[in-house]
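As a plain string of letters, each chain reads:
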Amino acid sequence: MSTAISVCHGAFGRAALYQLDKSLITHAHREGHLIFHIEGSLSEVEVNYKRQTVDLQHAAAVSPLEPHSFDVLDAEPSVVLVLYIKPIWFLENSQSAEFTLRFGSSVVVRTQPVNAVVRRFVSLLLNGHNMDDIDTLLFSLSKLCYEQTWQSVSTPGLLQNKCSKFSDYRIRRSLRMMQQCISAEVEMEAVARSVGLSRPHFFKLFKKQLGVTPNVYLNTLRSERAIDELVNTEKTVTSIAYDLGYSSQAAFTRFFSSNVGIAPSEYRRVADNPSGYFPIQ
Amino acid sequence: MTLITYLSRVHFADGVLEVALSSELELNQLSRPLLVTEQSAVSNEFSERVVAGLPFWCKFSSYEIPVNLNLKLAISALRQHVREASADVVIAFGTSFTLSIADASCRALNTHSQEFNASVSADPKLFAIPGVDGVPTMSMSRNDTTRKTRFGIGIQPTTVIIDPTLIMGESVERTSAAIADTLARCLSAHLSDGYNPPADGIALEGVNRILRNLDKLVSEDSLEMRRELMAASLNGTLAMQKETGISHDLCEILLRDSPRPVNKGALMRLLILVEVELLERSWTHKRYKEACNALGVPDGTSLRDWLSAIMEKLPLPDSLSKLGFDAHQIAGASEEFATSKTIAPSAEQLGHMLQRVKLRRSAYA
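Cut-offs and rules
- Residues numbered from 1 in each chain as written.
- Chains lettered and ligands numbered in written order.
- Predicted model: local features only at pLDDT ≥ 70, side-chain atom pairs only at ≥ 80, totals over all residues.
- Heavy atoms only, no water.
- Helix = DSSP H or I, 4+ residues; strand = E, 2+ residues; numbered from the N terminus.
- Buried < 20%, exposed > 50% of the residue type's maximum accessible area, 1.4 Å probe, protein only.
- Contact = heavy atoms within 4.5 Å.
- Areas by Shrake-Rupley, 256 points an atom, 1.4 Å probe, with all protein chains shown as cover.
- Salt bridge = Lys/Arg side-chain N within 4 Å of Asp/Glu carboxyl O.
- Buried area = accessible area lost by both parts, 1.4 Å probe.
- Polar contact = N/O pair within 3.5 Å; in protein donor to acceptor, adjacent residues only side chain to side chain.
- Nonpolar A, V, L, I, M, F, W, Y, C, P; charged D, E, K, R; others polar.
- Domains from an automatic or database assignment.
- Pairing = 2+ DSSP bridges.
- Axes fitted to C-alpha atoms, helices over the stretch in contact; angles between N-to-C directions.
- Parallel < 35°, antiparallel > 145°, perpendicular 65-115°, else oblique.
- Core = buried A, V, L, I, M, F, W, Y, C linked by side-chain atoms within 4.5 Å.
- Phe/Tyr/Trp six-rings, centres within 6.5 Å; stacked < 30°, edge-to-face > 60°.
- Lys NZ or Arg CZ within 6 Å of the ring centre and 35° of its normal.

## What to know about the overall build of chain B
- Within chain B one finds 13 helices and six strands.
- Counting all 365 residues of chain B, 56% fall into the buried class.
- Counting contacts in chain B only where the partners sit at least 6 residues apart, residues at least 24 apart contribute 82% of the total.
- For chain B, the accessible area works out to roughly 14,700 Å², and carbon and sulfur atoms hold 52% of it.

Now the structure itself:
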């Protein structure tokens, strides 16, 4: 069974140490995402339909809303450090005029400085942590990785990494609709129709503008909402499941496990949100 | 000794709007935003992007300032809407007029919160999301009796979100007006006598940013140029915390009773020439040389002529009459300004100068 060893929430986003023995289906996050192998079985991450191994020499970097999945390669569980970095936090700390947390490539070579920060970070997560230390270390780590992923990008690669803004008004409206109807049974056919597009055209345009399908995006919103409620409310898991439109706790648990990696009750047990950075209800 | 105040949090990056707005609402634990803009003044895309930045837990309402309301009525109407919506934050976006109205309304609510219903937030915060004309420097919420001593305290929202992608595709006319307004504000702040060293530096940087890119700023609809314009505009706003200059005060008087819309940038373009002319008369030679050196005015060229030549490059209405002001309004504004400023010229002199701006464009070419 996959378990959470430590989960920490803060202004930066989330940091978690998971022991995973199951795969995660194709999903996405609105945060930037870094995955480091710590011990146990090696794993593979498929980022934007390209597979790569996550081991002691290589980590995976996933840009916001980049579809990815995760597989453990052997029967033994894999212990991984996963970071979900809020783009606005990264922007504020990096003092950049260009708002982006888009990695140049999805492969991060674990150099000596990267490994040193990873070790210190894991130690903080395991042995009790001071939020200031977490913040500082996380920024060092994310900046090291961010800059490294751009070093090897050639000019043609730049074009591939072009970030398309979701500038189409129909897509913006559909995003709003999905956000508002997250707890209902959302029919993509109806969403497409309400923004004046056929289903195939809607899916094509959505994918082109956001990089993920509408279904993956909706799952992203649901995962975010579920995590928020698990960490910041005292609602039962069953109640959260019903509020998100699931017919049973079991169905919700399956969804959560395959998108987040562990069961919702396990997440709640371990999650630490000392600063209350999540929304008020 | 002086009081230097820079309080607002400013997010400034390409495409940052949605994420910054969501993050600030979360950080401040705000859940009842009132979205405020001016009727027909912003694109659907701008409005939709603002809405897209609201987190799921926000229950928002919207208010559009009607086109024909004067300042006083607009402020009053918005106050009423804030109360009715029980808003804990006003998110003003689009024109500087909208931002000014929102600022004045929030100040009024914060000052007189005890007058209102207890269920209403006593201290609504203000988030400002400027369009091409930037964040206003304003003092309209101040009582007229304080006009002699007022300072350009600038708008002071809790948060300002500046996203250059929002102004892509703006027309040459609106862009030119924004350039003129920015240049005028930066120059006015830099040339005024107040002691505020950071503001002097910020103002000078704003002027240089405009001058470095003037031609491209007008003609090129590129992200880089839009970023430069918004950066310079922010400089103008921050620098004006030093003191509002003659051009700003005159502009405010002229705009106050005018039916909108008036091209404020075009108006500032003319009024800054009057301000420079007045300052030149009152300066010592040393002060004049210092100003010319700081701005890089070539030897043998007067500051006013230098500025005129720059302003002429902007395709904007070139007289007060073309902006819709008649002789009566100009005389009235001159009278009001002259009686409120101890060092101002007489109303007659000022009126003459304003008329000259109106009638003798060639004098500045």
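## A look at the pattern of salt bridges
- The final tally for this structure, using the stated rule, is 30 salt bridges over all chains.
- Of the charged contacts, one joins B:Arg227 and B:Asp14 as a salt bridge, the two residues approaching to 2.5 Å between their closest N and O atoms. With B:Arg227 in helix α7 (residues 223–239) and B:Asp14 in the loop between β1 (9–12) and α1 (17–27), this residue pair connects regions lying 213 residues apart in the sequence.
- For B:Asp14, a relative accessible area of 9% puts it in the buried group.
- Each member of the salt-bridge network shares a partner with another, and the members are A:Glu44, A:Glu46, A:Arg51 and A:Asp71.

## With respect to the interface of chain A and chain B
- Each partner contributes residues to the interface: chain A has 23 residues there, and chain B has 26 residues.
- Between chain A and chain B, a total of about 2,100 Å² is buried, with carbon and sulfur atoms accounting for 57% of that surface.
- Linking chain A to chain B there are four salt bridges.
- As a salt-bridge pair, A:Glu92 and B:Arg9 come within 3.7 Å of each other at their nearest N and O atoms.
- Linking chain A with chain B are six residue pairs in polar contact (both at pLDDT 80 or more), by the criterion used here.
- Elements that contribute at least two residues to the side of chain A that touches chain B include exactly α1 (87–94), α5 (169–180) and α8 (214–232) of chain A.
- No other element matches α5(A), which puts five residues into the side of chain A that touches chain B.
- Looking at the side of chain A that touches chain B residue by residue, the classes come out as 10 nonpolar, four polar and nine charged.

## Here we look at the domain arrangement of chain A
Residue and element names in this part refer to chain A.
- Partitioning chain A into structural domains gives domain 1 (3–160) and domain 2 (169–272).
- Taken together, the contact between domain 1 and domain 2 spans 21 residues of the former and 24 residues of the latter.
- The junction of domain 1 with domain 2 conceals about 1,900 Å² of combined surface from both sides, 54% of it contributed by carbon and sulfur atoms.
- In this structure, the connection of domain 1 to domain 2 is made through one salt bridge.
- Its salt-bridge partner being glutamate 224, residue arginine 30 comes within 2.5 Å of it at the nearest N-O pair.
- In this structure, the connection of domain 1 to domain 2 is made through six residue pairs in polar contact (both at pLDDT 80 or more).
- For the side of domain 1 that touches domain 2, the elements supplying multiple residues, two or more each, are β1 (3–10), β2 (13–20) and β3 (24–27).
- The residue makeup of the side of domain 1 that touches domain 2, split by class, is 12 nonpolar, seven polar and two charged.

## Things to note about the sheet that holds β3(A)
Residues and elements named next belong to chain A.
- Across the sheet, which stays open at both edges, the four strands sit in the order β3-β8-β5-β6 with antiparallel pairing between neighbours. The open sheet has two free edges, formed respectively by β3 and β6 (50–54), since each of these has just one partner strand. Across this sheet, the average inter-strand angle for adjacent strands is 20°, counted without regard to direction.

## Details of the pairing of strand β4 (residues 32–40) of chain A
- Relative to strand β9 (residues 78–85) of chain A, β4(A) runs antiparallel, the two sharing eight bridges. Along β9(A), the bridge assignment pairs A:Gly40 with A:Ser78.

## Observations concerning the pairing of strand β8 (residues 68–72) of chain A
Residue and element names in this part refer to chain A.
- Of all five residues in β8, four are buried; the element is thus mostly enclosed.
- As paired strands, β3 and β8 are joined by two bridges and run antiparallel to one another. Counted as the bridge partner of histidine 27 is histidine 68 from β8.
- When strand β5 (residues 43–47) meets β8, the two strands line up antiparallel, connected through five bridges. Bridge pairing in β8 links valine 47 to histidine 68.

## Notes on the sheet that holds strand β4 (residues 89–94) of chain B
Residues and elements named next belong to chain B.
- As summarised here, the arrangement of the six strands in space is β1-β6-β5-β4-β2-β3, forming an open sheet in which the pairing is parallel. Each of the sheet's edge strands pairs with one partner strand only, and the pair in question is β1 and β3 (61–65). When strand polarity is set aside, the average angle formed by the axes of neighbouring strands in this sheet is 20°.
- Examined bridge by bridge, β1 and strand β6 (residues 159–162) share four bridges and lie parallel to one another. Its bridge partner lying in β6, valine 10 is registered against valine 160.
- The sheet contacts of α1 involve β1, β4, β5 (125–130) and β6, and relative to β5 the element is tilted by about 175°.

## Some words on the packing of helix α9 (residues 264–282) of chain B against helix α11 (residues 303–311) of chain B
Residues and elements named next belong to chain B.
- Where α9 contacts α11, the two axes come as close as 9 Å, and the packing angle between them is 170°. As judged from the angle between their axes, α9 and α11 are roughly antiparallel. Judged by residue contacts, Arg269, Ile272, Leu273, Val276, Glu277 and Glu280 of α9 engage Leu303, Arg304, Leu307, Ser308 and Met311 from α11.
- Within the contact of α9 with α11, the residues separate by chemical class into six nonpolar, one polar and four charged.

## Focus: the nonpolar core
Residue and element names in this part refer to chain B.
- With 90 residues, the main nonpolar core has Leu267, Leu303 and Leu307 as its most contacted residues.
- For this core, the element with the highest residue contribution is α9, accounting for 11 residues.
- Here this core spans two domains, since at least three of its residues come from each of domain 1 (9–167) and domain 2 (189–360).
- Apart from the residues lying within four places of it in its own chain, the contact partners of leucine 307 are Leu183, Leu187, Ile272, Leu273 and Val276.

## Overview of the packing of aromatic side chains
- Tallied over the entire structure, the rule returns 15 aromatic pairs over all chains.
- Between the aromatic rings of A:Phe252 and A:Phe256, the centroid separation amounts to 5.9 Å while the plane-to-plane angle is 55°, which identifies the pairing as tilted. Note that A:Phe252 and A:Phe256 are positioned in helix α10 (residues 249–260) at a spacing of four residues, about one turn of the helix. The burial state of A:Phe252 is the same as that of A:Phe256; both residues are buried.
- Each ring, one from B:Trp283 and one from B:Tyr288, has its centre 6.3 Å from the other, and the planes form 55°; the classification is tilted. Each member of the pair, B:Trp283 as well as B:Tyr288, is classed as buried.
- The ring of B:Phe56 carries the charged tip of A:Arg225 above its face, separated from the ring centre by 3.5 Å.

## Concerning α11(B)
- Those residues of α11(B) that fall on the buried side of the exposure criterion are B:Leu303, B:Trp306, B:Leu307, B:Ser308, B:Ile310 and B:Met311.
- If you follow the buried residues of α11(B), they end up packed against α5 (172–191), α6 (197–219), α9 and α10 (285–295) of chain B.

## Focus on the side chain of A:Arg222
All names here are of chain A.
- Within the fold, arginine 222 resides in helix α8.
- Among the residues examined, arginine 222 registers a relative accessible area of 11% and is labelled buried.
- Within the structure, arginine 222 has its side chain in polar contact with the backbone oxygen of isoleucine 182 (distance 3.3 Å).

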